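Below, each chain spelled out in residue letters.
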Amino acid sequence: MRSLGALPKPVLVLEVIGIAFLLLSYLSLNGYVTLPAPVGSATAAIIMVFLGIALMLPAAAFMVWAMAQNVAPLLTKGQPPVDKSLTNKPKDKRDDADH
């Protein structure tokens, strides 16, 4: 992939929300940000870490799939069509190496 802009918009939005959850949980656990009571606990921060990672997984899966399509197109797009012109010719005309 050339850039992150090649990702679909919903996947990018999920990626940004996941990064925000990870950043918020880091800042909350280290005491840089004080969150309200329900989400200010260590348990809520751990849940935010797992939620952030889960929201970032679709972008990772999409990038791996796009890379697989670029590297090995036969694995993802099926078998190429068979060129029948080569199979109908006699062997001595197909392999014309002895000049």
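Preceding this paragraph is the structure being described.
Just so you know, these numbers come straight off a predicted model, no measurement behind them. Within each chain, residues carry numbers counting from 1 in the order of the written sequence. The predicted nature of this model means local features are confined to residues of pLDDT at least 70 and side-chain atom pairs, given and counted, to a pLDDT of 80 or more, with totals for whole chains, interfaces and linings taken over all residues. Think of the side-chain values as coming from all heavy atoms in the structure, minus any hydrogens and water.

A. Expanded view of the environment of F21. Topologically, F21 is positioned in helix α1 (residues 9-29). Judged by its relative accessible area of 24%, F21 falls in the partly exposed class. Discounting residues that sit within four places of it in the chain, F21 has contacts with M48, L51, G52 and L55. Secondary structure counts use DSSP, requiring at least four H or I residues in a row for a helix and at least two E residues in a row for a strand, with both numbered from the N terminus. Only protein chains enter the accessibility calculation, which uses a 1.4 Å probe. A residue is then buried if its area is under 20% of the maximum for its type, exposed if over 50%, and partly exposed in between. Contact between two residues is taken to exist if any of their heavy atoms lie within 4.5 Å; hydrogens are not considered.

B. Layout of α1. In this scheme, a helix's expected span is set at 1.5 Å multiplied by one less than its residue total. In a regular helix each residue adds 1.5 Å, so 21 residues correspond to 30 Å; α1 covers 30 Å between its end C-alpha atoms and thus fits that length. Within α1 the residues assigned to the buried category are V11, E15, G18, S25 and S28. Across the axial projection of α1, the buried residues extend over an arc of 165°, all falling on one side. Opposite the buried face of α1, by more than 90 degrees, sit the exposed residues K9 and V16. Structurally, α1 contributes buried residues whose contacts are with α2 (42-71). Once α1 finishes, G31 follows within two positions and takes phi at roughly 85°, a positive value. To obtain the arc, one takes the directions from the helix axis to the C-beta atoms.

C. Inspection of the side chain of S28 at higher detail. If you trace the backbone, S28 turns up in helix α1. Residue S28 is classed as buried on the basis of its relative accessible area, which comes to 14%. Contacts of S28, omitting those with residues within four sequence positions, involve V33, L35 and G40.

D. Representation of the side chain of E15 within the structure. Note that E15 resides in helix α1. Among residues more than four places away in sequence, those in contact with E15 are L55, M56 and A59.

E. Highlighting the packing of α1 against α2. Running from N to C, α1 and α2 point in directions that differ by 155°, and their axes come no closer than 8 Å. Viewed along their axes, α1 and α2 adopt a mutual orientation that is roughly antiparallel. Read as a crossing pair, α1 and α2 show a hand that is left-handed. Note on element contacts: α2 touches α1 through A42, A45, M48, V49, L51, G52, I53, L55, M56, P58 and A59, opposite V11, L14, E15, I17, G18, I19, F21, L22, L24, S25 and L29. In terms of residue class, the contact of α1 with α2 is built from 18 nonpolar, three polar and one charged. For every element, the axis is a line fit to its C-alpha atoms; helices are fit only across the contacting stretch, and the angle between N-to-C directions ranges from 0 to 180 degrees. Each angle receives one of four descriptions, namely roughly parallel if under 35 degrees, roughly antiparallel if over 145, roughly perpendicular if within 65 to 115, and oblique otherwise. Left-handed describes a crossing whose near helix is turned anticlockwise from the far helix by less than a right angle; the clockwise case is right-handed. Polar here means any residue outside two lists: the nonpolar Ala, Val, Leu, Ile, Met, Phe, Trp, Tyr, Cys and Pro, and the charged Asp, Glu, Lys and Arg; Gly therefore counts as polar.

F. Local environment of α2. When the terminal C-alpha atoms of α2 are compared, their 43 Å separation across 30 residues agrees well with the 44 Å that a helix rising 1.5 Å per residue should span. In this scheme, the bend at a residue equals the angle between the axes fitted to the seven residues that finish there and the seven that begin there. Of all the bends in α2, the greatest reaches close to 30° and is centred on L57; the proline P58 follows between one and four positions later. A44, A45, M48, G52, L55, A59 and A66 are the residues of α2 that are buried. Packed against the buried residues of α2 are α1.

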